Amino acid sequence: VCLSLLAAATPLMAAQTASERFEALAARYLDEMPALSPVTATRLGDHRFDAELDRITPEARAAEVAFYRGVLEELAAIERDALPRAAKVDAGLLEHEARYAIWRLEELRDWAWNPLIYTGLAGGALYNLMAREFAPVEDRVTAAISRLEALPRFLAEVRATLEPERVPPVHAETAIAQNPGVLTIIDAMVLPASEALDDDTRRRLEAAVDGARAAIEQHQIWLEETLLPAAAGDFRLGRELFERKLAFALDSPLGRAEVRERAEREYQRVRGEMYEVARTVYAERYPYTQFPDTPTEHFKQAVIRSALEVAYDALPERGEIVEVVKRQLAQTTAFVREKNLVRVPEEPIEIIVMPEFQRGIAVAYLDPPGPLDKGQKTFYAVAPLPEDWTEEQVESFLREYNLYSLQDLTIHEAMPGHYLQLAHANEYPSVLRSVLSSGPFIEGWAVYAERLMIEEGYLDGDPLMRLINLKWYLRGVVNAILDQAIHVDGMTRDEAMRLMVEGAFQEESEAAGKWTRAQLTSAQLSTYFV
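Nothing here was measured: the structure is a model prediction, and the numbers come from that model.

Parameters and conventions
- Residues numbered from 1 in each chain as written.
- Predicted model: local features only at pLDDT ≥ 70, side-chain atom pairs only at ≥ 80, totals over all residues.
- Heavy atoms only, no water.
- 1 Å grid on protein atoms, 1.4 Å probe; cavity = no way out; pocket = protein on both sides within 12 Å on 5 of 7 lines; lining within 4 Å.
- Points joined across faces, edges and corners; volume = space filled by probe spheres on them.
- Helix = DSSP H or I, 4+ residues; strand = E, 2+ residues; numbered from the N terminus.
- Nonpolar A, V, L, I, M, F, W, Y, C, P; charged D, E, K, R; others polar.
- Phe/Tyr/Trp six-rings, centres within 6.5 Å; stacked < 30°, edge-to-face > 60°.
- Buried < 20%, exposed > 50% of the residue type's maximum accessible area, 1.4 Å probe, protein only.
- Lys NZ or Arg CZ within 6 Å of the ring centre and 35° of its normal.
- Expected span 1.5 Å × (residues − 1).
- Core = buried A, V, L, I, M, F, W, Y, C linked by side-chain atoms within 4.5 Å.
- Contact = heavy atoms within 4.5 Å.
- Arc of directions from axis to C-beta.
- Pairing = 2+ DSSP bridges.
- Polar contact = N/O pair within 3.5 Å; in protein donor to acceptor, adjacent residues only side chain to side chain.
- Axes fitted to C-alpha atoms, helices over the stretch in contact; angles between N-to-C directions.
- Parallel < 35°, antiparallel > 145°, perpendicular 65-115°, else oblique.
- Salt bridge = Lys/Arg side-chain N within 4 Å of Asp/Glu carboxyl O.

Trainee: Could you clarify how one ought to interpret the layout of surface pockets in this entry?
Mentor: The volume enclosed by the second largest pocket comes to roughly 360 Å³. Lining the second largest pocket are 17 residues, with Arg269, Arg451, Glu455, Asn469 and Tyr473 positioned closest to its centre. When residues in the lining of the second largest pocket are grouped by element, the largest group, seven residues, is from helix α19 (residues 439–455). In terms of residue class, the lining of the second largest pocket is built from eight nonpolar, two polar and seven charged.

Here it is, written out as structure tokens:
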């Protein structure tokens with residue numbers, strides 16, 4: 001792929017302008033990059049490779065490195081200053097993407113120690129085919145059959161690639177929980193579509209499913225009996241790797257130390273603002289209270305906690321969270337339209353229960369259609385409460401995700417947060433810009449959207465809504481502190497829990513989940529604040 005890209009480019013360079021050469025490079029990148037990962041191609045909306053499944057081999061990784069080195073070589077030959085402003089931005093994004101890809105493959109080498117890469121690929125291989133109606137169902141099921149037939153080979157390559165002694169135990173445990181989710185997709189999404197198939201294709205599907213089930217069960221045994229007992233890796237990246245990854249994740253002049261300094265300063269400011277809002281709530285309930293001119297931190301803590309308890313009186317029922325979020329999405333959408341804050345996209349959005357193979361990292365996420373798929377659904381996925389949770393765990397979760405918090409979550413994930421921003425981004429004329437999106441911009445917009453709705457008077461200026469919004473923003477600030485404190489400074493679980501529970505007023509279940517997420521990921525938690 002790298003050689004074909006360079007060979008196509010070289011004879012034309014002298015005759016083309018910088019803009020023409022960059023446009024040609026961008027077009028070739030979009031044409032050739034998806035072949036590196038068929039599962040990613042399907043997610044992006046490029047359906048040329050729907051019947052193929054990624055290769056997890058040294059040769060495949062070498063081909064990917066060669067491809068991105070070719071991109072960098074050709075970019076270096078283009079006079080960047082001669083490009084129009086929009087093309088300069090795209091060129092910068094493309095260079096950044098290429099350097100990040102090479103660094104991950106050659107330096108971070110997470111392909112050798114992170115099994116969640118592969119649970120995500122295995123589940124996404126089928127889910128991305130079946131979740132959206134981008135083609136007739138029989139075509140999508142036929143592609144799924146081909147991927148099911150390739151799944152035993154794929155999982156065998158995964159086992160040959162992972163180095164158990166480098167895998168952190170928490171990653172192995174999460175992979176063990178996620179792997180059976182592929183079976184759920186087969187049963188819930190692939191097999192029900194078999195009615196659209198002719199007899200021969202249906203028999204082929206049945207054989208492919210039998211082979212895939214056996215391969216998934218074999219892989220589960222390996223995960224439990226071989227990988228987990230041998231897993232001895234440190235989930236902490238350490239200073240050098242974390243700082244490099246953070247620089248790539250942020251694509252910002254802000255370094256780790258400056259992010260930390262700003263976050264700690266903002267942490268104090270936001271807690272102060274929470275106290276001022278909490279005072280109004282407290283005074284309404286206890287009108288004869290006299291507040292000291294210079295309250296101690298203990299006094300502020302008590303007043304904030306007391307006001308939050310009022311918000312925690314408004315709890316959803318355990319089984320109705322998805323229905324509550326549906327009503328709130330209609331409410332937030334109506335408010336955005338009424339205030340004419342920003343044009344509301346027409347793309348369909350559906351609230352779903354989070355697929356099993358994606359659980360264990362976040363409570364909710366937004367799954368937009370790929371930038372190459374037009375008019376397809378966006379999914380706002382919400383994780384169900386685990387069946388084995390105790391009543392105390394359930395209560396802790398519902399207090400954290402009270403009705404006010406669910407409003408903030410819906411603003412962030414959907415309207416006018418991720419759903420709205422990504423739908424607008426996919427309308428931009430440069431497809432390359434949509435494919436090479438910015439994580440800090442995506443998360444930053446959603447955090448901004450939360451504040452915007454409060455400033456515009458959402459829920460009639462309810463101070464409890466404002467207090468919960470500040471609590472959510474404080475969560476984002478603390479995320480940036482936790483991210484580097486855990487991976488660089490060796491912050492312990494107790495220290496992290498104290499910061500989240502006492503410092504950021506999070507419930508025990510939320511803080512415990514964030515501790516797990518911080519172990520499983522790195523650098524992404526900083527994007528909300530930055």
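Trainee: Got a minute to help me understand the packing of aromatic side chains in this structure?
Mentor: How two aromatic rings sit relative to each other is set out by the distance from centre to centre and by the angle between their planes. All told, the structure shown has 16 aromatic pairs when counted by the stated rule. Ring centres of tyrosine 100 and phenylalanine 248 lie 4.8 Å apart, and the angle between their planes is 5°; on these two criteria the pair is classed as stacked. With a gap of 148 residues between them, tyrosine 100 in helix α5 (residues 85–108) and phenylalanine 248 in helix α11 (residues 239–250) connect regions that are remote in the sequence. Owing to a relative accessible area of 14%, tyrosine 100 belongs among the buried residues under this scheme. Note on tyrosine 282 and phenylalanine 291: the rings are 6.0 Å apart at their centroids and 75° apart in plane angle, and the pair reads as edge-to-face. With relative accessibility at 21%, the residue tyrosine 282 sits in the partly exposed group. Taking relative accessible area as the criterion, phenylalanine 291 reaches 18% and is therefore assigned buried. An aromatic cluster is built from Tyr275, Tyr282, Tyr286, Phe291 and Phe299, whose rings are joined through pairwise contacts. One Lys or Arg, arginine 279, reaches over the ring of phenylalanine 291 and ends 4.9 Å from the middle of that ring. In this structure, lysine 300 is placed above the aromatic ring of tyrosine 275, and the distance from its NZ or CZ to the ring centre is 6.0 Å.

Trainee: Just checking my understanding: could you explain unusual backbone geometry for this structure?
Mentor: Apart from glycine, the bulk of residues carry a negative phi angle, and the bulk of peptide bonds sit in the trans form. The peptide bond linking methionine 415 to proline 416 adopts the cis configuration, its omega dihedral lying at 5°. Structurally, the position occupied by proline 416 is in the loop between α16 (403–413) and α17 (418–425). Residues other than glycine seldom take positive phi values, yet leucine 459 does so here, at roughly 60°.

Trainee: How should α5 be read in this particular structure?
Mentor: Note: α-helices contain 3.6 residues per turn, so residues at a spacing of three or four share the same orientation. Over its 24 residues, α5 extends 32 Å from the first C-alpha to the last, a length consistent with the 34 Å expected when each residue adds 1.5 Å. Trailing α5 by a residue or two, arginine 109 shows a phi angle of about 55°, which is positive.

Trainee: Looking at this model, I keep getting lost on the nonpolar core. Mind explaining?
Mentor: Core analysis: the largest hydrophobic core is formed by 149 residues, its most contacted members being Leu148, Leu151, Phe154 and Tyr380. With 14 residues, the top contributor of residues to this core is helix α20 (residues 463–487). With near-sequence residues (within four places) excluded, tyrosine 380 lies in contact with Val325, Ile349, Glu350, Ile351, Ile352, Ala364, Tyr365, Leu366, Leu409, Thr410, Glu413 and Ala414. By size, the runner-up hydrophobic cluster in this structure holds 24 residues, among which are Leu72, Ala87, Leu432 and Leu436.

Trainee: Is there a simple way to explain helix α2 (residues 18–32) in this structure?
Mentor: Over its 15 residues, α2 extends 21 Å from the first C-alpha to the last, a length consistent with the 21 Å expected when each residue adds 1.5 Å. Taken together, the buried positions of α2 are Ala18, Arg21, Phe22, Leu25, Ala26, Arg28, Tyr29 and Glu32. Buried residues in α2, looked at end-on, bunch into an arc of 165°, giving them a common side.

Trainee: Please clarify how the pairing of strand β2 (residues 364–367) should be interpreted in this entry.
Mentor: Looking along a regular strand, one sees side chains alternate from face to face of the sheet. Burial along β2 is two-sided: Ala364 and Leu366 and Tyr365 and Asp367, pointing in opposite directions, are all buried. Taken together, the four bridges between β2 and strand β3 (residues 378–382) define a ladder with antiparallel strand orientation. Bridge pairing links aspartate 367 to phenylalanine 379 in β3.

Trainee: Even after reading the chapter, I still don't get the side chain of threonine 333, so can you show me in this structure?
Mentor: Mapped onto the secondary structure, threonine 333 falls in helix α14 (residues 321–339). A residue is classified by how much of its surface remains accessible, and threonine 333, at 15% relative accessible area, is buried. Polar contacts involving the side chain of threonine 333 include one to the main-chain carbonyl oxygen of leucine 329, which spans 2.7 Å. The residues touching threonine 333, leaving out its near neighbours within four places in the chain, are Val344 and Met415.

Trainee: Please explain the pairing of β3 as it appears in this structure.
Mentor: In terms of burial, β3 is largely enclosed, as five of its five residues are buried. What you see with β3 is no split at all: Thr378, Tyr380 and Val382 on one side and Phe379 and Ala381 on the other are buried throughout. In the sheet, strand β1 (residues 349–353) pairs with β3 via five bridges, with the strands oriented parallel. Among the inter-strand pairings, glutamate 350 is bridged to a residue of β3, identified as phenylalanine 379.

Trainee: What am I meant to see in the sheet that holds β2 here?
Mentor: The pairing of strands in a sheet comes from backbone hydrogen bonds and takes either a parallel or an antiparallel form. Read from one edge to the other, the open sheet built from three strands follows the order β1-β3-β2, with strand pairing classed as mixed. The open sheet has two edge strands, β1 and β2, and neither has a second partner. Neighbour-to-neighbour, the strand axes of this sheet turn through a mean angle of 20°, independent of strand direction. Sitting on the sheet, α16 is in contact with β2 and β3, with an inclination near 25° to β2.

Trainee: Please clarify how empty space enclosed by the protein should be interpreted in this entry.
Mentor: Over the atoms a probe the size of a water molecule is rolled, and this reveals where empty space is left. In the structure shown here, the tally under the stated rule is three cavities of 30 Å³ or more. Approximately 70 Å³ is the volume attributed to the largest cavity. Contributing to the lining of the largest cavity are Thr42, Arg43, Asn128, Arg132, Phe134, Asp367, Pro368, Pro369, Gly370 and Asp373. Its residues placed into classes, the lining of the largest cavity shows three nonpolar, three polar and four charged.

Trainee: Sorry if this is basic, but what is going on with the packing of helix α8 (residues 169–178) against helix α22 (residues 508–520) here?
Mentor: What describes two packed helices is the angle between their axes and the distance between those same axes. Between α8 and α22, whose axes approach to 9 Å, the crossing angle comes to 105°. Our classification of the angle between α8 and α22 gives roughly perpendicular. Contacts from Val170, His171 and Thr174 of α8 reach α22 at Thr516, Gln519 and Leu520. For the contact of α8 with α22, the class distribution of residues is two nonpolar, four polar and no charged.

Trainee: Would you take a moment to explain the pattern of salt bridges for this structure?
Mentor: Any two side chains of opposite charge can pair, given that their charged atoms come close. Summed over the entire model, instances satisfying the criterion amount to 38 salt bridges. A salt bridge links glutamate 74 to arginine 28; its shortest N-O distance comes to 2.5 Å. Of the two residues, glutamate 74 sits in helix α4 (residues 58–76) while arginine 28 sits in helix α2, which places them 46 residues apart along the sequence. Put simply, Glu266, Arg269, Glu273 and Arg466 are held in one network by salt bridges that share partners.

Trainee: Just to check I follow, could you spell out the environment of threonine 42 for this structure?
Mentor: Mapped onto the secondary structure, threonine 42 falls in helix α3 (residues 38–44). Threonine 42 gets classed as buried once you look at its relative accessible area, which sits at 2%.

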